[in-house]
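# Close look at the chain arrangement
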There are 2 protein chains.
Amino acid sequence: MDSTVTIKDVAALAGVSVGTTSRVLSGNPSTSPAARERVHAAVAELGYRPDARARSLRSARSQTVGLLISDVRNPFFADVAHGAEQAALRSSYVTLLANANEDPKQQDTYLESFLTQRVDGIIIAPQGEESAHLRALATTVPLVFVDRTVDGFEVPSVTSDNALGIDQAVAHLADRGHTRIGYIGGPRSISTGRARHDAFVRAVARHRLDTDPGLITSGDFRSASGAVAAERLLSGAQPPTALLAADSPMAVGALGALRRRGLRIGSDVDLVAFDDIEWFSELDPPLTVVSHDAQAMGSTAMRLLLDVIEGRTPESVVLPTRLVVRESSGGARRQA
Amino acid sequence: MDSTVTIKDVAALAGVSVGTTSRVLSGNPSTSPAARERVHAAVAELGYRPDARARSLRSARSQTVGLLISDVRNPFFADVAHGAEQAALRSSYVTLLANANEDPKQQDTYLESFLTQRVDGIIIAPQGEESAHLRALATTVPLVFVDRTVDGFEVPSVTSDNALGIDQAVAHLADRGHTRIGYIGGPRSISTGRARHDAFVRAVARHRLDTDPGLITSGDFRSASGAVAAERLLSGAQPPTALLAADSPMAVGALGALRRRGLRIGSDVDLVAFDDIEWFSELDPPLTVVSHDAQAMGSTAMRLLLDVIEGRTPESVVLPTRLVVRESSGGARRQA
DNA sequence: TTGTAGGCGTTATCAG
DNA sequence: CTGATAACGCCTACAA
């Protein structure tokens, strides 16, 4: 039940010194073909696996990066994680994926753990505002923000063009003749929550739509809160004719609320979601979305992080969004 | 940009030896209150964080477990991961989450990496059949299977009662008067694929339903394959009146195929999915599912793994399934 | 090209 | 209760 075959065993079996063995294994050119062959044979025979801990202890590089996302169960972040992980793998880094679960305390727990594991760098979709913890982190280890940012941090980030996305959605709904759009936003403590909210307010004004503050609600980026918010919007005296949800889980919640009220999506009420999720196109009706490429976001973040780790100072990246019109806001509207 | 404050610095500042410092830090009772206080003060002042690598190198325990799931983007596995992770945290273990992406090669890459990181144990939802790699693994490090198993391995596992679940679904559909049920199964190379398939065949026979082999298709547990399979089933000469999908992504694929054919779910064709996903109840119509508790599966697997790590020999666990009837198979059926 | 030896940060042993 | 000191497994000068 234990392997404990060390480099010494390999050296002994190969009949060379540990130094030579180490050199062969790390691809040091100063090795004879004969030595290489014998070492590799010994490695294979013993099933030797170098100890990453010892190696990184000695060489001060762990070839490990931490990825802290806010909610694994949100498909958007699952895609981000997937993209980041694949990119890391290509550069032979191992990704430690941790799930903050939209909880600042768990976020801190895992950051602590990353530090303790001496990861070479961290990608994080930060939870809250300015935290002393995060502040300290930024000066300790290479750091990159993904999807979200925190004000006042000089940290490279990969984000979506939130303003553009919201704009595309509002313009589209305005085109369809809506004047009362209900907005289901995220928390103001999260940068994407703020950016999307502010963009919505501006877009509504620009398109001269109804600025009734009762049309603006907010949730916590999770599905239950989307249902609650939609319910609130729809139960008003003068309900909106279209709903815009600031992320996909809340859109799903809204979906349920609409169905429970017997409202037909795409005719009674239009629905648009920020975030595209694979199965949104399989729904009935398929959902109109502001799409951004989650996997690209993840892989880009990883690229930036590796840049930082290697001493470069990469620029932040803002990824474009794209409006994908589907039937949830594409069919014939029913008369009010 | 580097912390590099070691236990020596702490010891120096506290005015005690590293030995004492180490004892204080690891909660060894043989320490004086005075020493404890000074050490803790020094730790706080220096912002010292023990080096997990060095610690585990010396103590032969990394307090780290590897969790290898087959597809992060499948919400079922995201839930499993979440459950496992939370359980680990409670026992102060760190979880390395890796994503095999339904690809045996990536599975091996990550297993290799786990071994190299000297994790204390591994939870895996295995991909393929008997692999030499896995075989070697089982004798090297504590191992637990989750969701899936591999034949011929004496490894504790946590699985669902697949036969029960399929039975519940088929019985329900038979009750509703269906005689031709189309089955969208998973690959035979995966244990759940086999178990659910075999259970389906048995259940169909037991309920004296149509055993037409053309009613049985299979995909790869991902959504695109579900759409293809549904399409094939529905385009036959005598299409089924109900569809049973062996996992949720494939059910989503089937959903899209049905919509594209203009078939109404729950009246034209009934649809039942194995796996419950939070938002399945928000769909229109809400989906009937064979539900099993993914989070419980994850946390149970972690419990078993920690048992193995601590030298116990836990029994495998089979979790029950539960049929949740919703409108996708709960409304009035349309006459054929 | 190869071997030897010191040290990365910790914990464990063994005297005091 | 505390302080030295020897490992843990590996890499990397330095010498040969």
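Refer to the structure above for everything that follows.
No experiment lies behind these values; they were computed from the predicted model shown.

Here we take up the relation of the copies chain A and chain B. Overlay of chain A on chain B (RMSD 0.2 Å): rotation 180 degrees, translation along the axis 0.1 Å. A rotation of that kind, with that shift, is consistent with a two-fold axis. Most of the interface of chain A is mirrored in chain B, where 100% of its interface residues are also at the interface.

This part takes up the sheet that holds strand β7 (residues 216-218) of chain A. All names here are of chain A. Reading across the sheet, the six strands line up as β7-β6-β8-β9-β10-β12 and stay open at both edges, with mixed pairing between neighbours. Looking at which strands have only one partner, the edges of the open sheet turn out to be β7 and β12 (322-324). The average angle at which neighbouring strand axes cross in this sheet is 20 degrees, direction not considered. Alignment of strand β6 (residues 181-185) against β7, held across three bridges, turns out to be parallel. Across the sheet, residue Gly 185 finds its bridge partner in β7, namely Ser 218. Contacts between helix α10 (residues 223-234) and the sheet are confined to β6, β7 and β8 (242-245), with β6 contributing the most and set at about 155 degrees to the helix.

Another point: a negative patch on the surface. Taken together, Asp 284 and Glu 327 of chain A together with Asp 284 and Glu 327 of chain B make up a surface patch of like negative charges. Positionally, Glu 327 of chain A belongs in the segment after β12. A relative accessible area of 45% places Glu 327 of chain A in the partly exposed class.

In this section: the pairing of strand β5 (residues 157-160) of chain A. Both faces of the sheet carry side chains from a regular strand, because those side chains alternate between them. Residue and element names in this part refer to chain A. Here β5 shows two buried faces, one formed by Ser 157 and Thr 159 and the other by Val 158 and Ser 160. Relative to β5, strand β4 (residues 143-146) runs parallel, the two being bridged by two bridges. Residue pairing for β5: Val 146 is matched across the bridge by Val 158. Across three bridges, β5 lies against strand β11 (residues 317-319) in parallel orientation. Paired with Thr 159 across the strands is Val 318, a residue of β11.

Bringing the interface of chain A and chain B into the picture now. Contact residues are listed per partner, giving 58 residues for chain A and 58 residues for chain B. Note on chain A versus chain B: buried area summed over both sides is about 5300 Å², and carbon and sulfur give 52% of it. Run the count over chain A and chain B and you get eight salt bridges. With its nearest N and O atoms 3.5 Å apart, the salt bridge here joins Glu 282 of chain B to Arg 260 of chain A. Summed over the shared surface of chain A and chain B, the result is 31 residue pairs in polar contact (both at pLDDT 80 or more). Contributing elements (two or more residues each) for the side of chain A that touches chain B: α4 (52-59), α5 (75-90), β2 (94-99), α6 (104-116) and α11 (248-260) of chain A. Residues of the side of chain A that touches chain B, tallied by class, amount to 23 nonpolar, 20 polar and 15 charged.

Right, let's talk about the protein's contact with DNA strand D for a bit. Looking at DNA strand D, there are 22 residues lining it, with Ile 7 and Tyr 48 of chain A together with Thr 20, Ser 32 and Arg 58 of chain B nearest. For DNA strand D, the backbone portion of the atoms within 4 Å of the protein, that is sugar and phosphate, comes to 65%. For DNA strand D, a phosphate oxygen lies 3.1 Å from a polar atom in the backbone of Asp 51 of chain A. Here a base oxygen of DNA strand D sits 2.6 Å away from a polar atom, N or O, in the side chain of Arg 58 of chain A. Elements with a minimum of two residues in the surface near DNA strand D: α2 (18-25) and α4 of chain A together with α2 (18-25) and α4 (52-59) of chain B. A class-by-class count of the residues in the surface near DNA strand D yields seven nonpolar, nine polar and six charged.

Before going further, it helps to examine the protein's contact with DNA strand C. Close to DNA strand C lie 24 residues; Thr 20, Ser 32 and Arg 58 of chain A together with Ile 7 and Tyr 48 of chain B are nearest. Within 4 Å of the protein, the atoms of DNA strand C are drawn from sugar and phosphate moieties in a proportion of 62%. Between a phosphate oxygen of DNA strand C and a side-chain N or O atom of Ser 32 of chain A, the distance comes to 2.5 Å. Taking Tyr 48 of chain B, its side chain carries an N or O atom lying 2.5 Å from a phosphate oxygen of DNA strand C. When contributions to the surface near DNA strand C are tallied by element, the ones reaching two or more residues are α2 and α4 of chain A together with α2 and α4 of chain B. Class assignment for the residues of the surface near DNA strand C results in seven nonpolar, 10 polar and seven charged.

Cut-offs applied
Residues numbered from 1 in each chain as written. Chains lettered and ligands numbered in written order. Predicted model: local features only at pLDDT ≥ 70, side-chain atom pairs only at ≥ 80, totals over all residues. Heavy atoms only, no water. Least-squares fit on C-alpha atoms with pLDDT ≥ 70 in both. Contact = heavy atoms within 4.5 Å. Pairing = 2+ DSSP bridges. Helix = DSSP H or I, 4+ residues; strand = E, 2+ residues; numbered from the N terminus. Axes fitted to C-alpha atoms, helices over the stretch in contact; angles between N-to-C directions. Patch = residues over 30% accessible without salt bridge, like charges linked within 9 Å, V, L, I, M, F, W, Y side chains within 5 Å. Areas by Shrake-Rupley, 256 points an atom, 1.4 Å probe, with all protein chains shown as cover. Salt bridge = Lys/Arg side-chain N within 4 Å of Asp/Glu carboxyl O. Lys, Arg positive; Asp, Glu negative; His and termini not counted. Charge placed at Lys NZ, Arg CZ, Asp CG, Glu CD. Buried < 20%, exposed > 50% of the residue type's maximum accessible area, 1.4 Å probe, protein only. Buried area = accessible area lost by both parts, 1.4 Å probe. Polar contact = N/O pair within 3.5 Å; in protein donor to acceptor, adjacent residues only side chain to side chain. Nonpolar A, V, L, I, M, F, W, Y, C, P; charged D, E, K, R; others polar. Near = heavy atom within 4 Å.

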